[in-house]
Amino acid sequence: MQLILILKLLTIFAAFGGFSLAHTIYLKKKQQKPMTCPLGADCNAVIKSSYSKFLGIDLAFIGMGYYLFIAIFYAILIVFSGVMSPLAVFLVFGLTIGSVLFSLYLTAIQAFVLKDWCSWCLGSAVISISIFIFSLFTLQIDLISFLANYKGLIIFMHALAAGVGVGAATIADLFFFKFLKDYRISREENSMLKTLSQVIWFVLGVLILTGIGLFLPNSEALLQN
């Protein structure tokens, strides 16, 4: 029990560290000051790239919100341990998984697209992974049973993501051919297509996560089929 409390406190500490890191990046960008990269790479090229925003929102701002939410959630979990519903705990655990996957995606962008590194961004990825690992022990979720109990909700989320994804892909195709009528794509048109693309990637991530959620409770039967 003492170990669980220590891990919860470590999670809060990690979340505040992540918030401080994201806040530093946000302020540097807002004040247009250069970022010093301990790895000797060009941090500015990464944090000012077109991949530094998601759906038009600065990733540093999203990171600040995520880490602050995690810190508040775990503080409440320590003070009022019996108040949190299993659904709330599960959703927060799902959020930590999503954060890790998104961090891995951004790391892959640095490695294969931008071909440059930002030590601050890598530090945020390490913190996200640490919070996920701490959550495995502190939230104490019986994952398989929980997924089976909330199968209806997972199916709804899966179907909703599929519908949004098909709609976004269709709209993106229509706009793409419409924009090509003058044989050029303007900066505004490119921005719109990029936003639709981000929506599609987001719902693909939701489809994968909910698909895994539907698969795990029946994995033995499905693998034998």
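Let me begin by describing the structure that accompanies this report. Here the structure is a predicted model, which means the values were calculated and not measured.

Cut-offs used in this document
- Residues numbered from 1 in each chain as written.
- Predicted model: local features only at pLDDT ≥ 70, side-chain atom pairs only at ≥ 80, totals over all residues.
- Heavy atoms only, no water.
- Helix = DSSP H or I, 4+ residues; strand = E, 2+ residues; numbered from the N terminus.
- Buried < 20%, exposed > 50% of the residue type's maximum accessible area, 1.4 Å probe, protein only.
- Contact = heavy atoms within 4.5 Å.
- Areas by Shrake-Rupley, 256 points an atom, 1.4 Å probe, with all protein chains shown as cover.
- Lys, Arg positive; Asp, Glu negative; His and termini not counted.
- Charge placed at Lys NZ, Arg CZ, Asp CG, Glu CD.
- Phe/Tyr/Trp six-rings, centres within 6.5 Å; stacked < 30°, edge-to-face > 60°.
- Salt bridge = Lys/Arg side-chain N within 4 Å of Asp/Glu carboxyl O.
- Patch = residues over 30% accessible without salt bridge, like charges linked within 9 Å, V, L, I, M, F, W, Y side chains within 5 Å.
- Polar contact = N/O pair within 3.5 Å; in protein donor to acceptor, adjacent residues only side chain to side chain.
- Expected span 1.5 Å × (residues − 1).
- Core = buried A, V, L, I, M, F, W, Y, C linked by side-chain atoms within 4.5 Å.

Of the regular secondary structure elements, the chain holds nine helices and two strands. Secondary structure of the chain in N-to-C order comes out as α-α-β-β-α-α-α-α-α-α-α. Within the span of the chain, comprising 225 residues, buried residues form 32% of the whole. In the chain, once contacts between residues fewer than 6 apart in sequence are set aside, the share between residues at least 24 apart is 77%. Entry remark: accessible area of the chain is about 13,700 Å², with carbon and sulfur atoms responsible for 70%. Charge-centre separation for the chain: the mean point of 14 positive side chains lies 8 Å from the mean point of 9 negative side chains.

What follows concerns the packing of aromatic side chains. Here a ring pair, both rings aromatic, is described through the centre-centre distance and the interplanar angle of the planes. Applying the stated criterion across every chain yields a total of 10 aromatic pairs. Pairing phenylalanine 175 with phenylalanine 179 gives two aromatic rings, centres 5.5 Å apart and planes at 5°, and the pair type is stacked. Of this pair, phenylalanine 175 and phenylalanine 179 both sit in helix H7 (residues 151-179), four residues apart, which is roughly one turn of the helix. An aromatic cluster of three or more residues is present, and its members are Phe54, Phe102, Tyr105 and Phe202.

A full pass over the atoms with the stated rule returns one salt bridge. Its salt-bridge partner being lysine 29, residue aspartate 58 comes within 2.8 Å of it at the nearest N-O pair. Highlighted residues: aspartate 58 in strand S2 (residues 57-58) and lysine 29 in helix H1 (residues 2-30), separated in sequence by 29 residues. On the basis of relative accessible area, aspartate 58 is assigned to the buried category, the value being 14%. The class for lysine 29 is buried, based on a relative accessible area of 18%.

This brings us to the environment of leucine 55. With respect to the secondary-structure elements, leucine 55 resides in the loop between strand S1 (53-54) and S2. As for leucine 55 and phenylalanine 80, which are separated by 25 residues in sequence, their C-alpha atoms are 35 Å apart.

A surface patch of nonpolar side chains, amounting to about 590 Å² of accessible area, comprises Leu101, Leu104, Ile129, Ile133, Leu136, Phe137 and Leu209. Elements supplying a minimum of two residues to the nonpolar patch: helix H4 (86-114) and helix H5 (119-138). Tallying contributions element by element places H5 first for the nonpolar patch, with four residues. Residue placement: leucine 104 occurs in helix H4. What makes leucine 104 partly exposed here is its relative accessible area of 47%.

Glancing now at the side chain of threonine 210. The residue threonine 210 is located in helix H8 (residues 187-215) in this model. Among the residues examined, threonine 210 registers a relative accessible area of 7% and is labelled buried. A polar atom in the side chain of threonine 210 sits 2.7 Å from the backbone oxygen of valine 206. Once you skip the residues sitting within four places of it in the chain, threonine 210 turns out to touch Ile154, Met157 and His158.

On to the environment of phenylalanine 137. Mapped onto the fold, phenylalanine 137 is located in helix H5. With 33 residues separating them along the chain, phenylalanine 137 and leucine 104 place their C-alpha atoms 22 Å apart. Sequence-distant contacts of phenylalanine 137, that is, excluding residues within four places in its chain, are made with Ile4 and Leu7.

In a regular helix each residue adds 1.5 Å, so 29 residues correspond to 42 Å; H7 covers 41 Å between its end C-alpha atoms and thus fits that length. Taken residue by residue, H7 has Ile154, Ala161, Gly165, Ala168, Ala172 and Phe179 as its buried positions.

Mapped onto the elements of the fold, alanine 159 is located in helix H7. Residue alanine 159 is classed as partly exposed on the basis of its relative accessible area of 48%. Alanine 159 sits 48 residues away from leucine 207 along the chain, and the two C-alpha atoms are 8.3 Å apart.

Here the focus is unusual backbone geometry. Leaving glycine aside, a negative phi is the common case for residues, and trans is the common case for peptide bonds. In the Ramachandran plot, glutamine 32 falls in the positive-phi region, its phi being about 55° despite a non-glycine side chain. At leucine 55, a residue that is not glycine, the phi angle is positive and equals roughly 55°. In this structure leucine 55 comes out as partly exposed when scored by relative accessible area, which is 37%.

What follows deals with the nonpolar core. Note on soluble globular proteins: their nonpolar side chains tend to be buried together. One finds Ile25, Ile70, Phe73, Tyr74, Ile127, Ile131 and Leu139 to be the most contacted residues of the largest nonpolar core, which totals 25 residues. Elements that contribute at least two residues to this core include exactly H1, helix H2 (43-47), helix H3 (59-79), H4 and H5. Sequence-distant contacts of isoleucine 127, that is, excluding residues within four places in its chain, are made with Ala14, Gly17, Gly18, Leu21 and Tyr67.

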